[in-house]
Amino acid sequence: MKFKRIPKDYFITILDRLTRFEPAYIRYSRVFDDIINKFCLDFNCKDLDLNSKIHIVEEIFNSSLKEVNNDYFVNNVIEELEENYFTKNEISYQYLSSRLNISAMINEISENGIDLKNLLWIKKLNSERINIKTLRNKYSLLYPIEKIILCEGQTEYTLLNTMFKLFDINLDKIGVIVIPAGGKNQVARKYYSMTEYIKLPFFILLDKDASQTKSLIEPKLRNKDKIYLIKSGEFEDLIPINVLLKAINFIHKNEYNCIFDDFNNQSSMVLNLENIYKKYGFGEFKKAQFAQELKKYIENFTTKEDFNNTEIETIVKYI
């Protein structure tokens, strides 16, 4: 068989795709087809059955490494997590039975540029080989995952872990992943889809006005899953006014300062923020961008006391 060797810098892309939080039949098929199409000079993946694909990729992959070994510790852990995370799929286990020398590949990957959590975790796993939960707790690596928080959008995704840390809960240490659905109307669809193949428990966080979404989910809600509707409104309504006020003035410190009177208790917090940005000429209020800026402010300038007796404290206990 004629093939080109896989470049060393491409191993990071392969490792990232092999270790994402998806069933193996999805992530491995993507990687295997990519390797055959990019590096095999004799075949096209469309012409091959699965066993042939596996055989070809094993040869290309292992032949591209400087040194191969008989160490399949990482492969075995990946297979173990597949069983913990996902419903059984025979194609997944066919892919996972392949003898890709993942440990040898990891040894050839430089530490530079590795900032994705799945890559950090797999590198630490390969080097330290301690209990996987101990490893996660030691380095706040998120993996292995044990629970999913399914939320509506990017604001929750950006801020939840930061806010939980104020209450001494690090989601990355306890293996809780936050997944945004892409909007209120997508949550039920996302839940239906993900529970078809994911065995892990879900905590579904919804805005107050998402009662219809809640009613769509409840008939299919598994015993291990929970739904919580934010009583105060939207996620932004969970943030105390004094925190938002100080954050806005910190973010726009060279501009006009807003005051408590700029917040109308009868309006949603998002509407308040939109009006404040308009009033002071801060430009268009963009939720995702503001969440990133608010995250930095909370990390550096707030404490648990700023959020005591707020609904976020209730959510922390509920989870």
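Scroll up for the structure.
In short, a report on the structure. From a predicted model like this one, the values you see are computed outputs, not experimental measurements.

In this section: the pattern of salt bridges. Scanning the entire structure with this criterion turns up 18 salt bridges. A salt bridge links Lys117 to Asp172, with the shortest nitrogen-to-oxygen separation between them at 2.9 Å. With a gap of 55 residues between them, Lys117 in helix H7 (residues 117–128) and Asp172 in helix H10 (residues 171–174) connect regions that are remote in the sequence. Lys117 gets classed as partly exposed once you look at its relative accessible area, which sits at 36%. Shared partners join several salt bridges into a network, and the residues in it are Arg17, Asp34 and Lys38.

With that settled, consider the packing of aromatic side chains. To describe a pair of aromatic rings, you give the distance between the ring centres and the angle between the ring planes. Counted according to the given criterion, the structure contains 21 aromatic pairs. Taking 5.2 Å as the distance between ring centres and 80 degrees as the angle between the ring planes, the aromatic pair formed by Phe21 and Tyr85 counts as edge-to-face. With Phe21 in the loop between helix H1 (11–18) and helix H2 (24–39) and Tyr85 in helix H4 (residues 73–85), the pair connects residues that are 64 residues apart, well separated along the chain. Look at Phe21 and you get buried, because its relative accessible area is 16%. For the pair Tyr277 and Phe282, a centre-to-centre distance of 5.4 Å together with 80 degrees between the ring planes defines the contact as edge-to-face. The buried category is assigned to Phe282, whose relative accessible area is 12%. What links up through ring pairs into an aromatic cluster is the set Tyr277, Tyr280, Phe282, Phe285 and Phe290. Above the plane of the ring of Tyr72 lies Arg99, whose end atom (NZ or CZ) is 4.2 Å from the centre. Positioned above the aromatic ring of Tyr139, the side-chain terminus of Lys124 is 4.3 Å from the ring centre.

Reported here for the largest pocket is a volume of approximately 780 Å³. Contributing to the lining of the largest pocket are 29 residues, with Lys117, Leu142, Tyr157, Ile177 and Val178 lying nearest its centre.

Below, the discussion takes up empty space enclosed by the protein. In the structure shown here, the tally under the stated rule is 1 cavity of 30 Å³ or more. Within this model, the largest cavity holds a volume of roughly 130 Å³. What lines the largest cavity is simply Leu18, Thr19, Arg20, Phe21, Arg27, Ile78, Leu81, Glu82, Tyr85, Phe86, Trp121 and Tyr143. The greatest single-element share of the lining of the largest cavity, amounting to 4 residues, is contributed by H4.

All right, on to the nonpolar core then. Of all hydrophobic cores here, the largest spans 65 residues; its most connected members are Ile14, Phe21, Ile102 and Trp121. Residue contributions to this core peak at 7 residues, all from H2. Non-local contacts of Ile102, meaning those with residues more than four positions away in its chain, are made with Leu15, Leu18, Tyr28, Phe61, Val74, Asn75 and Ile78. In this structure, Leu205, Ile239, Phe282 and Phe285 belong to the second largest nonpolar core, which totals 42 residues.

In helix packing, the relevant descriptors are the interaxial angle and the interaxial distance, both defined with respect to the helix axes. Relative to each other, H1 and H2 sit at 155 degrees, their axes nearing to 8 Å. In terms of their interaxial angle, H1 and H2 are classed as roughly antiparallel. Residues Ile14, Arg17 and Leu18 of H1 lie in contact with H2, whose contacting residues are Arg27, Tyr28, Arg30, Val31, Asp34 and Ile35.

So, how was this worked out
- Residues numbered from 1 in each chain as written.
- Predicted model: local features only at pLDDT ≥ 70, side-chain atom pairs only at ≥ 80, totals over all residues.
- Heavy atoms only, no water.
- Salt bridge = Lys/Arg side-chain N within 4 Å of Asp/Glu carboxyl O.
- Helix = DSSP H or I, 4+ residues; strand = E, 2+ residues; numbered from the N terminus.
- Buried < 20%, exposed > 50% of the residue type's maximum accessible area, 1.4 Å probe, protein only.
- Phe/Tyr/Trp six-rings, centres within 6.5 Å; stacked < 30°, edge-to-face > 60°.
- Lys NZ or Arg CZ within 6 Å of the ring centre and 35° of its normal.
- 1 Å grid on protein atoms, 1.4 Å probe; cavity = no way out; pocket = protein on both sides within 12 Å on 5 of 7 lines; lining within 4 Å.
- Points joined across faces, edges and corners; volume = space filled by probe spheres on them.
- Core = buried A, V, L, I, M, F, W, Y, C linked by side-chain atoms within 4.5 Å.
- Contact = heavy atoms within 4.5 Å.
- Axes fitted to C-alpha atoms, helices over the stretch in contact; angles between N-to-C directions.
- Parallel < 35°, antiparallel > 145°, perpendicular 65-115°, else oblique.

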